[in-house]
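# Structural overview
Residue-level listing of the chains:
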Amino acid sequence: MGRMEFRRLLHTLRVWDVTLPTFAPDTAPRTPLPLFQEWLTHAAHSGQAEPHVMSLATVDLHGHPDIRALTLHDADDDGWHFASHSTSAKGRQLAAHPTAALAFYWPVVGRQVRVRGTVTQEGPEASQADLHARSTGALAAALVGRMSEVLGSERELADASTAAWERAEADPAIPVPTWTRYVLDPTEVEFFQGDARRRHVRLRYRREGATWTRELLWP
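Thresholds applied
- Residues numbered from 1 in each chain as written.
- Predicted model: local features only at pLDDT ≥ 70, side-chain atom pairs only at ≥ 80, totals over all residues.
- Heavy atoms only, no water.
- Helix = DSSP H or I, 4+ residues; strand = E, 2+ residues; numbered from the N terminus.
- Buried < 20%, exposed > 50% of the residue type's maximum accessible area, 1.4 Å probe, protein only.
- Contact = heavy atoms within 4.5 Å.
- Polar contact = N/O pair within 3.5 Å; in protein donor to acceptor, adjacent residues only side chain to side chain.
- Patch = residues over 30% accessible without salt bridge, like charges linked within 9 Å, V, L, I, M, F, W, Y side chains within 5 Å.
- Areas by Shrake-Rupley, 256 points an atom, 1.4 Å probe, with all protein chains shown as cover.
- Salt bridge = Lys/Arg side-chain N within 4 Å of Asp/Glu carboxyl O.
- Axes fitted to C-alpha atoms, helices over the stretch in contact; angles between N-to-C directions.
- Parallel < 35°, antiparallel > 145°, perpendicular 65-115°, else oblique.
- Left-handed = near helix turned anticlockwise from the far one by under 90°.

## With respect to the environment of Met-54
Mapped onto the elements, Met-54 comes out in strand 1 (residues 53-59). Look at Met-54 and you get buried, because its relative accessible area is 1%. Measuring from C-alpha to C-alpha, the distance between Met-54 and Leu-102 comes to 6.5 Å, with 48 residues separating the pair along the chain. Residues in contact with Met-54, not counting those within four places in the same chain, are Arg-68, Ala-69, Leu-70, Thr-71, Leu-72, Phe-82, Leu-102, Ala-103 and Phe-104.

## Topic: the side chain of Ser-88
Mapped onto the fold, Ser-88 is located in the loop between strand 4 (79-85) and helix 3 (89-96). A polar contact is formed between the side chain of Ser-88 and the side chain of Ser-84, at a distance of 3.2 Å. Ignoring anything within four residues of it in the chain, the contact list for Ser-88 reads Met-147 and Ser-148.

## Some details on a nonpolar patch on the surface
On the surface, a cluster of nonpolar side chains totalling about 520 Å² of accessible area is made up of Met-1, Phe-6, Leu-9, Leu-10 and Leu-13. Examined against the element boundaries, Phe-6 turns out to sit in helix 1 (residues 3-12).

## Observations regarding unusual backbone geometry
For Arg-146, which is not a glycine, the phi torsion comes out positive at approximately 60°. In this fold, Arg-146 is placed in the loop between helix 5 (136-144) and helix 6 (154-170). One non-glycine residue, Arg-198, lies in the positive phi region at around 65°. Relative to the assigned elements, Arg-198 resides in the loop between strand 7 (179-193) and strand 8 (201-208).

## A few points about the environment of Pro-172
Looking at where Pro-172 falls in the secondary structure, it is placed in the loop between helix 6 and strand 7. Accessibility expressed as a relative area gives 54% for Pro-172, which makes it exposed. When the C-alpha atoms of Pro-172 and Ser-135 are compared, they prove to be 9.4 Å apart, with 37 residues separating the residues in sequence. Setting aside residues up to four positions removed in sequence, Pro-172 forms contacts with His-132 and Leu-139.

## Observations concerning the pattern of salt bridges
All told, the structure shown has 13 salt bridges when counted by the stated rule. We note a salt bridge from Arg-146 to Glu-156, for which the minimum N-O separation is 3.4 Å. With Arg-146 in the loop between helix 5 and helix 6 and Glu-156 in helix 6, the pair connects residues that are ten residues apart, well separated along the chain. Through salt bridges with shared partners, one network takes in Arg-204, Arg-206, Glu-208 and Glu-215.

## Remarks on the packing of helix 5 against helix 6
For any two helices packed against each other, the geometry is given by the interaxial angle and the distance between the axes. It is at 8 Å that the axes of helix 5 and helix 6 come closest, and there the two elements cross at 125°. Put simply, helix 5 runs oblique to helix 6. You can see that helix 5 and helix 6 cross each other, and the crossing is right-handed. Mapping the contact onto sequence places Thr-136, Gly-137, Leu-139, Ala-140, Leu-143 and Val-144 in helix 5 and Ala-160, Ser-161, Ala-164, Trp-165, Arg-167, Ala-168 and Glu-169 in helix 6.

What follows is the structure, given as structure tokens:
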């Protein structure tokens, strides 16, 4: 595909060819968590595939940004929870710079949520409980380990995966010491509701101590 052909393709693509929900920010709750839970549930019931998938942004030792998609494991009064190997790229980055941003995008309803805050590791007990509450495939993948390392060949991965599946099926409670559950304690949460006339509604929550301040943003 040539440059001009690709550009023309981009110009033909459209967003939100659906009836979008409305959002009245003056009715929003005092804190962001109930609204986030409501929006994710609404997206799931509206047919949004994988509404729990989010983008996680971190920075490396040199201050260079990094981003990837992963799944949300929970959102409660402690914060937004996710998990990975502590030895992965994201694990090393969070150990050096324990701040991060999350982004959820639900195109079926024209909504997105952005979250920023500090990240801490949960303890080994919570981390292992998180892992063993998931599927056999997730346990097998965790047992393979070596996330973000250079892979020599697809054959090497296939052999490691086969061995890991056998271990996971033989011992569903087998521990994976590097598997770590993280929690992001939010300082800012923004809710974005798209509008077909581009009069998007943006509501930002900012936390100051134990108090949340709500403010509208220009789109």
